[in-house]
Amino acid sequence: MVRVRETIDRIGVVGAGTMGSGIAQVAATAGHDVVMRDIEPDLVERGFDAMTDSLERLESRDALEDDPDVIRERVAGTTDLEALAECDLVVEAVVENLDVKRELFADLDDLLPEDVVLATNTSTLSITAIAAATEAPERVVGIHFMNPVAIMEGVEIVVGEKTDDAVTALAHEFAETLEKTTWESDDKPGFVTNRILMPWLNEGIRAYDEGVASKEDIDRGMELGTNVPMGPLTLADHIGLDVCLHASETLHEELGDRYKPAYLLKRKVQAGDLGKKSGVGFYEYE
């Protein structure tokens, strides 16, 4: 059985993009000290800018107990991987590329003491394959946050082939300290969420492309007919059409044609219409 730390105070987050900065924010909001690392100073600054915008929106809705400045001060930004050496748990949120993640986890495995849990926020890649790059795959687990991290209540805990039970339990406990609700998935392609979500999004896109209904009516029909907060086209825009395409392609490769990306999704990404983050997707955004 793996020995894990009884107290998780300092959290390391590798990657300061949308997911990384969001994870750093919710950890700091929960009172943890956080080290947020990325490879370039401007990427770290961009992460802090995103965090500031998110905290200001939450404050405007009286959704914060602490002052935004107090929360931000709990987060230290860096480009130095060795700054994570004193962390009690590290969450990786870098680009969704298996080779990049494996190289990073090999470095983290060398850097961090053996009782530090290494978590990946991957949404589609194999936890087992990532963990195999380390000397201690039993301490690697998936902690898959939903986007936007500060708003979404759920966190998916993904158990790799060699993930130790104590590591899985700590992952659940950590997410719960962030006031998240967890569910658990085996390390199968897409886990629970994307395995079911991606076909739903793609079928909504196909329905629009084939003229079944307007995009507004497809979204409205799914919202009112199935009691979901967003229809498939709106949700795809919020996730990022490039992210949806990458996830669909990964699942298509693993699971076959039922996960084949919609043609219109490919065309949108090729055109640079990536959704809310680019200003244009299926809808237009300011």
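Residues numbered from 1 in each chain as written. Predicted model: local features only at pLDDT ≥ 70, side-chain atom pairs only at ≥ 80, totals over all residues. Heavy atoms only, no water.

In the nomenclature of an unreviewed UniProt entry, the protein chain is known as 3-hydroxyacyl-CoA dehydrogenase NAD-binding domain-containing protein of Natronoglomus mannanivorans.

Participant: So what about the side chain of Lys-180? Which residues, and what values?
Facilitator: Along the polypeptide, Lys-180 turns up in the loop between helix H6 (165-177) and strand E8 (181-186). Of the buried charged residues, Lys-180 lacks a salt bridge, with Glu-179 as the closest side chain of opposite charge at 8.2 Å. At 2.6 Å, the side chain of Lys-180 and the backbone oxygen of Val-149 are in polar contact. When neighbours within four sequence positions are excluded, Lys-180 is seen to be in contact with Val-26, Val-149, Ala-150, Met-152, Glu-153, Val-155 and Ala-175. (Helix = DSSP H or I, 4+ residues; strand = E, 2+ residues; numbered from the N terminus. Buried < 20%, exposed > 50% of the residue type's maximum accessible area, 1.4 Å probe, protein only. Lys, Arg positive; Asp, Glu negative; His and termini not counted. Salt bridge = Lys/Arg side-chain N within 4 Å of Asp/Glu carboxyl O. Polar contact = N/O pair within 3.5 Å; in protein donor to acceptor, adjacent residues only side chain to side chain. Contact = heavy atoms within 4.5 Å.)

Participant: Describe the side chain of Arg-139, and please don't skip the residues or the numbers.
Facilitator: Turning to its location among the elements, Arg-139 is positioned in the loop between helix H5 (127-131) and strand E6 (140-145). Since its relative accessible area comes to 3%, Arg-139 is described here as buried. Reaching out from Arg-139, the side chain makes a polar contact with the backbone oxygen of Val-116 at a distance of 2.9 Å. When neighbours within four sequence positions are excluded, Arg-139 is seen to be in contact with Leu-108, Asp-109, Leu-112, Pro-113, Glu-114, Val-116, Val-117, Leu-118 and Val-167.

Participant: Which residues make up unusual backbone geometry, and what values go with them?
Facilitator: In this structure, the amide linkage connecting Asn-147 to the following residue, Pro-148, adopts the cis form with an omega of 0 degrees. Position of Pro-148 relative to the elements: it lies in the loop between E6 and strand E7 (154-159). For Asp-62, which is not glycine, the phi torsion reads 55 degrees and is therefore positive. Turning to its location among the elements, Asp-62 is positioned in the loop between helix H2 (41-60) and helix H3 (68-73). The exposure class assigned to Asp-62 is exposed, which follows from its relative accessible area of 72%.

Participant: Run through the environment of Asp-67, naming residues and quoting values.
Facilitator: Of note, Asp-67 is situated in the loop between H2 and H3. For the pair Asp-67 and Pro-229, spaced 162 residues apart in sequence, the C-alpha to C-alpha distance is 29 Å. Polar contacts involving the side chain of Asp-67 include one to the main-chain amide nitrogen of Asp-69, which spans 2.7 Å.

Participant: Residues and numbers for the packing of helix H7 (residues 193-209) against helix H9 (residues 232-239), please.
Facilitator: Their axes nearest at 9 Å, the elements H7 and H9 cross at an angle of 120 degrees. Here the hand of the crossing between H7 and H9 comes out left-handed. Contacts between H7 and H9 pair Leu-197, Trp-200, Leu-201, Gly-204, Ile-205 and Tyr-208 from the former with Pro-232, Leu-233, Leu-235, Ala-236 and Ile-239 from the latter. Split into classes, the residues belonging to the contact of H7 with H9 amount to ten nonpolar, one polar and no charged. (Axes fitted to C-alpha atoms, helices over the stretch in contact; angles between N-to-C directions. Left-handed = near helix turned anticlockwise from the far one by under 90°. Nonpolar A, V, L, I, M, F, W, Y, C, P; charged D, E, K, R; others polar.)

Participant: Can you break down the UniProt feature "domain: 3-hydroxyacyl-CoA dehydrogenase C-terminal" (unreviewed entry) in the protein chain residue by residue, with the values?
Facilitator: The UniProt entry lists residues 190-285 under the feature "domain: 3-hydroxyacyl-CoA dehydrogenase C-terminal" (unreviewed entry), expressed in the numbering used here. Annotated as residues 190-285, this span is 62% helix and 0% strand, and its ends, taken at the C-alpha atoms, are 29 Å apart. (UniProt positions renumbered as here; feature names shortened; annotations may be inferred.)

Participant: Describe in detail the sheet that holds strand E4 (residues 89-92), supporting the description with residues and values.
Facilitator: Read from one edge to the other, the open sheet built from eight strands follows the order E3-E2-E1-E4-E5-E6-E7-E8, with strand pairing classed as mixed. The open sheet has two edge strands, strand E3 (75-78) and E8, and neither has a second partner. Strand-to-strand twist in this sheet, taken as the mean axis angle between neighbours without regard to direction, amounts to 25 degrees. Where E7 lies against E8, six bridges are found, and the strand directions are parallel. Bridge pairing in E8 places Glu-156 opposite Trp-183. Each of strand E1 (10-14), E4, strand E5 (117-120) and E6 touches helix H4 (residues 98-111); the most contacted strand, E5, lies at about 165 degrees to it. H6 contacts E1, E4, E5, E6, E7 and E8 of the sheet and is inclined by roughly 150 degrees relative to E8. (Pairing = 2+ DSSP bridges.)

Participant: How would you summarise the packing of aromatic side chains if you had to cite specific residues and measurements?
Facilitator: The final tally for this structure, using the stated rule, is one aromatic pair. The ring of Tyr-283 has Lys-215 lying over it, and the distance from NZ or CZ to the ring centre is 5.0 Å. (Phe/Tyr/Trp six-rings, centres within 6.5 Å; stacked < 30°, edge-to-face > 60°. Lys NZ or Arg CZ within 6 Å of the ring centre and 35° of its normal.)

Participant: So what's going on with the nonpolar core? Residues and values would help.
Facilitator: Ile-143, Phe-145 and Phe-174 are the most contacted members of the largest nonpolar core, which totals 38 residues. The element contributing the most residues to this core is helix H1 (residues 18-29), with six residues. Contact partners of Ile-143, with chain neighbours within four places excluded, come to Ala-119, Thr-120, Asn-121, Val-155, Glu-156, Ile-157, Ala-171 and Phe-174. In terms of nonpolar packing, the next biggest core, distinct from the first, is built from 19 residues, Phe-105, Ile-130, Ala-131 and Val-158 among them. (Core = buried A, V, L, I, M, F, W, Y, C linked by side-chain atoms within 4.5 Å.)

Participant: An account of the pattern of salt bridges is needed here, citing residue identities and associated values.
Facilitator: Going through the model one piece at a time under the given rule, you end up with 13 salt bridges. Put simply, Arg-5 and Asp-115 hold a salt bridge, and the shortest N to O gap is 3.1 Å. Taken together, the positions of Arg-5 in the segment before E1 and Asp-115 in the loop between H4 and E5 put the pair 110 residues apart, joining distant regions of the chain. Owing to a relative accessible area of 23%, Arg-5 belongs among the partly exposed residues under this scheme. Here Asp-69 ties to Arg-72 by a salt bridge, and the two come within 2.0 Å at their closest N and O atoms. Taken as a pair, Asp-69 and Arg-72 lie in helix H3 at a separation of three residues, close to a single helical turn. The network of salt bridges with common partners includes Arg-3, Arg-5, Asp-88 and Asp-115.

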